[in-house]
Amino acid sequence: MGKKHNIPLRKWVPYWMGIVITFVIMVPVMLLNGTYTGSSVDISSSLGVLTEDISMAFFATTAGMVVAYPLYSKVRPITTTKTIILSNLTFQILLAFICGRTAHIELLVFCSFLIGFLRAFVIIEIVKILKPFFSKRDIRSEFYAFFYPLVFCLNQISMIVTAALAYHYQWQYMYYLIIGLLLIAIILVLICFRFGKRQIKIPLKDIDWISVVMISVLLLTIIYVVTYGKTRDWFDDTTILAGSLFIPVLILLFVRRQRKHKDPYLNLGGLLGHKPVIAYFFMAITALFNASGLLLSQYSTSVLHIDSVQTNELTLWLFPGYFISAAICYWWFNAQIWRFRVLIFWGMACFVAYFSLLYFGLTPNGTYEFLYLPMIFRGMGAMILFIAFGVFAAEGLHPRLTLVNAFFMITVRGVLSPAIGSSFFSNMLYRFQQKNLMILSEGLDMQNPLSASRYSQSLNSALAQGHPLTEAQQLATQALYNSTQIQALVVSIKQLVGYLLIVAIVIMVISRFTPFHKTLKVAVPKTGEDMV
């Protein structure tokens, strides 16, 4: 049975136990990151580094995954599932220990990249094992409907657990927790997975290492530029300017090498079809909309004054949206009663509802509970569009290009769009807030009845508490400034959300009339190694 279901189990191990062990392997592998942005403030203050350093290491993990996918087809034939899993889990323990102990950001980024690089091989093995479990008919949409919500939920759980451990104990405890889970997974694999006799010969000569280095440097350079741009004042900084000039040159060199190399690292022919390009574009837009969660984080911490644990716990309300949309997609692709563009329309409509609720509902006196419903709509929109275009990109795709599809899909969805989106929202929010603060400050004088009333209330309150007149005046002035700063932040967030709402409405209308398919019903593609 193990052989039938592609699980290398010993004869005495039942199939259901093999599935359980696979999930035990999957949980720590998905939870482990080089750093965690959910507790970036705690980590950066502990290490004495910038929060941008933590973001750089976080995105480096996904970049490592992207670089590894095209190498899987060369490594897999000369090794076994048990060898891949054991070797990767062992190295993950070492890397997790280093990430939990080091204070050098360069080493942290490097280890984060390696964590992602190793994770890719394990995830592909897990996908191959779970394919018949999630979809007995080997249908891509069915597998996505189960696998995507699970992966997205694990990513959010890792942020919540890290924030809780950092708040109540120390942020390093997350790494120690994952090391324990990895050790349990290794023990179960050693006991329950059979030994596969195969001569292991690493194909070093068959891999285009120059291309591997080029794409790694390219992705890390893009992440560096967009992450540190605001901190280093963009092109006034030499490193940002040099990196920005280096990116297009490196892209040209990389593409040129892939076209001329007899055995290229990446087959760029996968980009020639219109379906993958359309799918990557919509995934980029979806990931960009999803990155707007940064605005909610700012609102939660600066306006509602809640701690990092509650801010991260807010993402739990994405889970109902994930599961609802997964069920919708599962039914939709099986029934195919309406055209594909209707599904995309409703996915975008969820983002329109999300932005509308935020635009009309965010106030300086808002409540934490109000954010629950927008988060559900955001989860629904993201999951519908990721599943739908994950299926759409693979339609008619040659089996040899599945890992190439994974490369571009994860690059767009997991690296470029989130990194660029986070940088964009952070920069625009800062600029809007400064502008709105100046506008609101122009009316802060005693001639303004509202300002005078608030100042008098704060002054009388400080005097009643026993503060001297001079100190009470300073406290009243500071209170008025803080109130104005919160108003400026709320107005800035609403401005950005308003622009996003307009964009979402335009894309929603366009997608409703875009002929993605010529017929009502289309053949849903089979599963492949790009199911990540």
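Owing to the predicted nature of the structure, the values given are computational and were not obtained by experimental measurement.

1. Quick notes on the confidence of the model for the protein
Then comes step 1: Taken over all residues, the pLDDT of the protein has a mean of 83, while the share at 70 or more is 86%.
Then comes step 2: No element of the protein has a lower mean pLDDT than helix α18 (residues 449–464), at 67, and none a higher one than helix α15 (residues 340–361), at 92.

2. Digging into the packing of aromatic side chains
Then comes step 1: Across all of its chains, the model carries 42 aromatic pairs by this definition.
Then comes step 2: Taking the centre distance of 5.7 Å and the plane angle of 65 degrees together, the rings of F117 and F121 count as edge-to-face. Here the residue F117 and the residue F121 both occupy positions in helix α6 (residues 105–134), the gap between them amounting to four residues, near one helical turn.
Then comes step 3: You can call F117 buried: its relative accessible area is 18%.
Then comes step 4: Residue classification places F121 among the buried residues on the basis of a relative accessible area of 7%.

3. What to know about a nonpolar patch on the surface
Then comes step 1: A contiguous nonpolar patch, built from W12, I187, L190 and I191 and spanning about 430 Å² of accessible area, is present on the exposed surface.
Then comes step 2: By the secondary structure assignment, W12 is in the segment before α1 (15–31).

4. Remarks on unusual backbone geometry
Then comes step 1: If you check the backbone angles, H305 has positive phi at about 60 degrees while not being a glycine.
Then comes step 2: Among the residues examined, H305 registers a relative accessible area of 57% and is labelled exposed.

5. What about the pattern of salt bridges?
Then comes step 1: Going through the model one piece at a time under the given rule, you end up with one salt bridge.
Then comes step 2: Of the charged contacts, one joins R257 and D208 as a salt bridge, the two residues approaching to 2.9 Å between their closest N and O atoms. Note that R257 is positioned in helix α10 (residues 238–260) and D208 in the loop between α8 (173–192) and α9 (209–228), a separation of 49 residues in sequence.
Then comes step 3: R257 sits in the partly exposed class, given a relative accessible area of 27%.

6. Focus: the side chain of R119
Then comes step 1: Note on placement: R119 falls in helix α6.
Then comes step 2: Here R119 is buried and forms no salt bridge, its nearest opposite-charge partner E125 lying at an N-O distance of 15 Å.
Then comes step 3: Those residues within four positions of R119 in sequence are excluded, and the remaining contacts are V29, M30, L32, N33, T61, M65, N88 and Q92.

7. Quick notes on helix α17 (residues 402–441)
Then comes step 1: Here α17 spans 56 Å end to end across 40 residues, near enough to the 58 Å set by a 1.5 Å rise per residue.
Then comes step 2: In the structure, α17 departs most strongly from a straight axis at T411, where the bend amounts to approximately 40 degrees.

Parameters and conventions
Residues numbered from 1 in each chain as written. Predicted model: local features only at pLDDT ≥ 70, side-chain atom pairs only at ≥ 80, totals over all residues. Heavy atoms only, no water. pLDDT = per-residue confidence, 0-100. Helix = DSSP H or I, 4+ residues; strand = E, 2+ residues; numbered from the N terminus. Phe/Tyr/Trp six-rings, centres within 6.5 Å; stacked < 30°, edge-to-face > 60°. Buried < 20%, exposed > 50% of the residue type's maximum accessible area, 1.4 Å probe, protein only. Patch = residues over 30% accessible without salt bridge, like charges linked within 9 Å, V, L, I, M, F, W, Y side chains within 5 Å. Areas by Shrake-Rupley, 256 points an atom, 1.4 Å probe, with all protein chains shown as cover. Salt bridge = Lys/Arg side-chain N within 4 Å of Asp/Glu carboxyl O. Lys, Arg positive; Asp, Glu negative; His and termini not counted. Contact = heavy atoms within 4.5 Å. Expected span 1.5 Å × (residues − 1). Bend = angle between axes of the 7 residues up to and from the residue.

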